[in-house]
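# Structural overview
Residues per chain are reported as follows:
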Amino acid sequence: MAGQNVSDLKLVIIELDGCIFPLNHYRYNFYKNLCKKQKVAMDRQTFYNALGNMFTMYDSLPLSSTTNSSSFNQTVEKDLYDYLEVKGIKPNDGVMELLEYLKQKDIKIAVVSTHKTKDAIRYLEKGKLYNRIDYVIGTDTKLQPFPSTDIIDFLIEKYGVNKSQTLLITSIGQLLDSGHAAGINLIYVEDLVKAGDKEHTISYEVSKSMYETLNDIIFGRYEDFSMYQSILGMDDNMSPEELHSVRGHLADVYSGDNDLMDIVNKTYEWRLSELNVDPVALDDEISKTQQLKIIKQEELEKEAQRLEEEKRQQEEAPEELPAEEEEELPLDDTEESTSELSLEDELAGLEDMLSAIERGAQEDEEPAEELVEDEEDDLEAELKALEDSLPSLDEEEEEPAEEDGEVVEEEATKEFKPVDKPKEFFFPDDDETSLSLDEQATGELDSVIDKIFSEEEKETEEEKETDKEEPKKKKVTLEKVGSALMNILYTFSLSLVILVVGLLIYTSLQASFEHGVLSFVKDIYLVYSNIANAFMSAILTVLHAIIPPIPSYANWMKNNGLISSAAAGVANVYFFNTFIIAIVEVVVYFINKKKDKE
C-alpha cells in the first residue's frame, strides 16, 4: 500500500508459523488427511481463513461438529512437535539472511505466533534462531489474540518506536488485518495461498519468499513511484475519483501483466496517500455511487417503458366521435347519392382534358417534321461547300518537281548555315551518289568528331577511377565498423576489470569495509549501487512496456531463473559502469574532433 515505507525501520515483527517455519503447511496436511478419512471436503483457502487464533481456528472448519476445538488443538500441536522432533526442522529460505541483515542494522526483531509462546520458543531453539531474536510472544497471554491490535500495540510501546518505523511480515490474513488496523508497514509472504486483492491493496509489498522480503527491505527505500505517474497518466491535479478511473482503464489494458499491474496499483495507492485518501474506503464509496447510478438508470428505463406502453395503448384504442358530430350525421341516403354524382362529373371532366392534350400533340408533330427536313437540307449544302473548297489530290501530283527541289535545297542550306560565315555546299547531280563538302567544312566536321571521341575517352577514364575508388570506400567502411566493435569490446572489458578489481579489494579488506576505517567507502558504494539499480529499473521498465518479452525490473531481480538477486544487483552495477564509461568516451571523442578542426 502506498504511503508505507521501510527507509527508517526500528522494529520488525515476524510471524513464526508461516514465515519462519512451514508449520501451517504441516497443520493443513494433518487436518486434510483427517477430513479425507471421514470423506469431508477440505481446501487451502478455507483453512487459511481460519488461521490467526488457536482458540477459535478449528470452530469454523468442517469437523467442528464432531471435535472439541480446544482439545483438538492441543492434540494437533503435540503430534506436530513430536513429528518435528524426529524429522528435524529448518527455517524457510532467506530467514537466516534476513535476521542477519536486521542485526547488522541494529533493528529490533520480535517473533509472534498464533499459538503458545512456549511452543514458539521451542521451535526457535530447534531451528537455532532463538539467540537472534529480541522478543517472542504468542496468543496465550493476557493480551487479546489476533485480529486484535493489542499484541502489535504492546510491542510498539515496549520498544518506544513509531508506527512508521514498524514492519510486520506475515503470511496470515488475520495478522495482516491487525497490522493494517494498527497503521504499520506490512509485507505479505505467500504461503498456503496466493495473495488476493486485499493482500495486494493493504501491503507495502507481496513476496513469494523471505529472500524477496529481504530484497524489498534493502532496495524498497529507493523506490520512487513518482517516476511512473506521468507515464501512467496520473496527474498531480487529478481528484481521487479521476485516479480511480485511470487505474480501472489501465487494469483493463494490462490485465495480463501482473508485474506492470503491481506498479500501476502501487503508483495509484501512492498518489492517494499523497491526498490522504484510503484506497479501500474510496473503492467502497465509488462502488456505492455506481450502484446508486445503476438503480436510478433502471428506474428511468422502467418509467420510459411505462410511458411507451401507455402511448401504444392510446394509439391502438378506437377513436370515438364527439357528441356534436354524432348529431350532425344524416338520417337518410340523400347525401351519399349526391357524392356519387359529383364523382361521375369529375371523371367526365378528366376524359375531356386527356382528349384535348392528344389533339395538341398531333398538331405539334407537323411543324417538328418540317423543321427536321429544313435542318437536313442545310447540312447537305454545307458539306458540298466544304468539298468544293478542298484541293484535289490530282492537282497536287501535277505540281513540278523543281519546286520540291528548291524547298529541299533551302532546308539543307538552313541546316548547315554557320553563325559567322556562310559555307558553300555542293549537292550531287542526278548521276552522283555521294555528298561532297569543301575543305573548310570538312575540317570543321573533323574537329566536331574529335571532340566527341575525346569526351568519350574522358568518360571512360572517370568510370575507371570510380571503379578504383569503390574498393577503397568499402575498405574504409570496414575499418570504421571494426574500430567501433573494438571500442565497444574495450568499454565492456574495462567495466568488467573495474568491477572484478573492486570485488577483490572488498574481499581482502572486508573487515575494514564493514566496521573499520574504510566503512565510508562501503557507504559510497551503496549509494552508487542504488543509483545503478534505479537506472536499470527505469531502463527495464520502459523496455518491458515496449517489448513484453524483455523481463521487468522485478522479474530481473527476483525471478529471472539464471542468477540470484545479489548477482543481479552486481550486474546492475556492471551495466551502469559500462554506461558511464561509454559516455566519457563519447565526450572525449567530440573534444578531440573539435581540436582537430581548429
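Heads up: the structure comes first, above all this text.
Anyway, here's the lowdown on the structure attached to this text. Just so you know, these numbers come straight off a predicted model, no measurement behind them.

### Considerations on the packing of aromatic side chains
Each aromatic ring pair is specified by the distance between its two centres and by the angle formed by the two planes. Throughout the structure, instances matching the rule amount to 14 aromatic pairs. Look at Y135 and F154: their rings are 6.0 Å apart centre to centre, the planes differ by 50°, and that puts the pair in the tilted class. Within this pair, whereas Y135 is found in strand β3 (residues 135-137), its partner F154 is found in helix α7 (residues 150-159), the two being separated by 19 residues in sequence. Residue Y135 is classed as partly exposed on the basis of its relative accessible area of 25%. With a centroid separation of 5.5 Å and 55° between ring planes, the pair formed by Y574 and F575 is classed as tilted. Among the aromatic residues, those joined into a ring-pair cluster are Y28, Y31, F47, Y58 and F72. Directly above the aromatic system of Y159 lies the positively charged group of K158, at a separation of 5.6 Å from the ring centroid.

### Quick notes on the packing of helix α21 (residues 519-546) against helix α23 (residues 565-597)
Two elements in contact, α21 and α23, have axes whose closest approach is 8 Å; the angle formed by their N-to-C orientations is 85°. On the basis of their axis angle, the class for α21 and α23 is roughly perpendicular. Residues Y525, Y528, S529, I531, A532, N533, F535 and M536 of α21 lie in contact with α23, whose contacting residues are G569, N572, V573, F575, F576, N577, F579 and I580. Here the contact of α21 with α23 is built from residues that sort into 11 nonpolar, 5 polar and no charged.

### What about the pairing of strand β5 (residues 185-189)?
Counting buried positions along β5 yields 5 of 5 residues, so the element is predominantly enclosed. Burial along β5 is two-sided: the residues N185, I187 and V189 and L186 and Y188 are all buried. As for the winding sense of the linkage, the β-α-β connection from strand β4 (residues 166-170) through helix α8 (residues 173-182) to β5 is right-handed. Summarising the sheet, β5 and strand β6 (residues 205-207) pair through 3 bridges and their orientation is parallel. Within β6, the position partnered with V189 by the bridge is S207. For the crossover that starts at β5, traverses helix α9 (residues 197-202) and ends in the parallel β6, the hand is right-handed.

### Let's talk about the sheet that holds β3
Taken in spatial order, the 6 strands of this open sheet run β3-β2-β1-β4-β5-β6, and their pairing is parallel. Taken across any chain shown, the strands that pair with only one partner, and hence form the sheet edges, are β3 and β6. Direction aside, neighbouring strands of the sheet carry axes that sit 20° apart on average. Pairing analysis gives 5 bridges linking strand β1 (residues 11-15) to strand β2 (residues 108-112), with the strands arranged parallel. Its bridge partner being in β2, E15 is matched across the sheet by V112.

### A look at the nonpolar core
Within the largest apolar cluster, 38 residues are counted, with the highest numbers of intra-cluster contacts made by I13, Y31, F47, Y58, V112 and I152. In terms of residue count, the dominant contributor to this core is α7 (4 residues). When sequence neighbours within four positions are dropped, the list of residues in contact with V112 reads I13, I14, E15, L16, D17, I137, F146, I151, L155 and L175. In terms of nonpolar packing, the next biggest core, distinct from the first, is built from 35 residues, C19, I20, F21 and V136 among them.

### Considerations on the pairing of β1
A large share of β1 lies buried, amounting to 5 of its 5 residues. Burial of β1 is two-sided: the residues L11, I13 and E15 facing one way and the residues V12 and I14 facing the other way are all buried. Across 4 bridges, the pairing between β1 and β4 is parallel. Bridge pairing in β4 links I13 to L168.

### Regarding unusual backbone geometry
Cis rather than trans, the peptide bond between F146 and P147 has omega equal to 10°. Topologically, P147 is positioned in the loop between β3 and α7. In this model, D106 sits at a positive phi of 60°, which is unusual for a non-glycine residue. When you line up the elements, D106 lands in the loop between α5 (95-104) and β2. Phi is positive for K128, which is not a glycine, with a value near 55°.

### Details of the side chain of N53
Counting through the fold element by element, N53 comes out in the loop between α3 (44-50) and α4 (69-87). Ignoring any residue separated from it by four or fewer positions in sequence, one finds N53 in contact with T114, P145, F146 and Q174.

The rules behind the values
Residues numbered from 1 in each chain as written. Predicted model: local features only at pLDDT ≥ 70, side-chain atom pairs only at ≥ 80, totals over all residues. Heavy atoms only, no water. Phe/Tyr/Trp six-rings, centres within 6.5 Å; stacked < 30°, edge-to-face > 60°. Helix = DSSP H or I, 4+ residues; strand = E, 2+ residues; numbered from the N terminus. Buried < 20%, exposed > 50% of the residue type's maximum accessible area, 1.4 Å probe, protein only. Lys NZ or Arg CZ within 6 Å of the ring centre and 35° of its normal. Axes fitted to C-alpha atoms, helices over the stretch in contact; angles between N-to-C directions. Parallel < 35°, antiparallel > 145°, perpendicular 65-115°, else oblique. Contact = heavy atoms within 4.5 Å. Nonpolar A, V, L, I, M, F, W, Y, C, P; charged D, E, K, R; others polar. Right-handed = clockwise from strand over helix to strand, strands pointing away. Pairing = 2+ DSSP bridges. Core = buried A, V, L, I, M, F, W, Y, C linked by side-chain atoms within 4.5 Å.

Bear in mind that shape data such as this cannot, by itself, settle questions of function.
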